[in-house]
Amino acid sequence: MGAHSCLLAVALLLVVAFAGKSSAQLSTNFYSKSCPKLLTTVRSAVKSAVSRERRMAASLLRLHFHDCFVNVINSVSLYFGEQTARPNNRSVRGFEVIDDIKSKVEKVCPGIVSCADILAIAARDSTVLVKGPNWKVRLGRRDTATLNELITRFQARGLSAKDMVALSGSHTIGQARCVTFRARIYNETNINSNFARTRQERCPSAANSGDDRLAPLDVKTAAFFDNKYYKNLVKQKGLLHSDQILFDGGSADSLVRSYSKNPKAFAADFAAAMIKMGNIDPLTGSQGEIRKKCGRPNSSS
């Protein structure tokens, strides 16, 4: 696993929305009483998006695939805040549409419907709009949102809570799109008010407005790999939801505070965690192949 793949894995482990472990609790009428206007609200928004750009149907369908199968974590997309690798990857489009649908759903039934369920409904509706098959969507998924869930998913890959906190420090460099942190700077309370206002100046609250505008993940030294990321978290200046959740009164607080004061400890732990992550299920010896072009297997060249 190369450096780029490792950092992409970090992002995915810190950002993709979790659709739940079992379908046993899902139901086609899950929101029939709590949000009776859900299906019509989503259908209308999807229809408008696909009418504007027909290929958006494919993008919305692809997002649902990512949500279901890129589940090493849940990227924990936590809600698309994490926006990091997946949302910043222009090959995976449609997040701005999901953001718009979510805002519309919140108006008719606030705090009821998960982003994972919205993705599932949007995938079905977009398929139908381009003459594809229809099916009944089972609903009742929850979005990953807690530190303990993140830790559990990292542990499932052989990485400890310490590894998770250290690897999160990769956000000391790079930028994120407005669409990935809009919900945090306008809706969350565990955020420095001055920091939120500064980010709001270039990231409007309205969906589809300024979605591609960038902001540094590390407000202090975005171009340098250092421990300022952790200093930001202590001051509630984490840009993404999945960043600030590391320092929010939970079990990771002490380690975040330690890294904020000890850059050498962070550097050593980050390097060690990168080695561990790079050793997760590698193909060696006669397994796999040596690709001629990294973007596709040799058989398709």
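Thresholds applied
Residues numbered from 1 in each chain as written. Predicted model: local features only at pLDDT ≥ 70, side-chain atom pairs only at ≥ 80, totals over all residues. Heavy atoms only, no water. Helix = DSSP H or I, 4+ residues; strand = E, 2+ residues; numbered from the N terminus. Expected span 1.5 Å × (residues − 1). Buried < 20%, exposed > 50% of the residue type's maximum accessible area, 1.4 Å probe, protein only. Disulfide = S-S within 2.5 Å. Polar contact = N/O pair within 3.5 Å; in protein donor to acceptor, adjacent residues only side chain to side chain. Contact = heavy atoms within 4.5 Å. Axes fitted to C-alpha atoms, helices over the stretch in contact; angles between N-to-C directions. Parallel < 35°, antiparallel > 145°, perpendicular 65-115°, else oblique. Left-handed = near helix turned anticlockwise from the far one by under 90°.

Trainee: Any chance you could break down helix 5 (residues 95-108) for me, citing the residues and the numbers?
Mentor: Each α-helix turn comprises 3.6 residues. Residues three or four places apart therefore point the same way. For helix 5, which comprises 14 residues, the first-to-last C-alpha distance of 20 Å matches the rise-based estimate of 20 Å (1.5 Å per residue) to within 8%. Turning to helix 5, its buried residues are F95, E96, V97, I98, D99, D100, I101, K102 and V105.

Trainee: Quick one: what's the story with the state of the cysteines, residue by residue and with numbers?
Mentor: Scanning all chains against the criterion turns up two disulfides. Between C178 and C203 runs a disulfide, and the two sulfur atoms are separated by 1.9 Å. Its S-S torsion of about 75° marks the bond between C178 and C203 as right-handed, since a negative value means left-handed. Of this pair, C178 sits in helix 9 (residues 178-187) while C203 sits in the loop between helix 10 (193-200) and strand 2 (214-216); the two residues are 25 residues apart in sequence, bridging distant segments of the chain.

Trainee: Can you lay out the side chain of T172 for me, pointing to particular residues and giving the numbers?
Mentor: Structurally, T172 can be placed in the loop between helix 8 (161-168) and strand 1 (175-177). Here D218 takes part through its side chain, which lies 3.2 Å from a polar atom of the side chain of T172. Reaching out from T172, the side chain makes a polar contact with the side chain of D226 at a distance of 3.1 Å. With near-sequence residues (within four places) excluded, T172 lies in contact with D218, T221, A222, F224, F225, D226 and Y229.

Trainee: Quick rundown of the packing of helix 2 (residues 38-52) against helix 6 (residues 115-129)? Include the residues and the values.
Mentor: Direction vectors running N to C along helix 2 and helix 6 enclose 50°, while the axes themselves pass 9 Å from each other. When the axis of helix 2 is compared with that of helix 6, the two are oblique. Crossing angle aside, the handedness with which helix 2 passes helix 6 is right-handed. Of the residues in helix 6, those in contact with L38, L39, V42, R43, V46, K47 and V50 of helix 2 are I121, A122, R124, D125, S126 and L129.

Bear in mind that shape data such as this cannot, by itself, settle questions of function.
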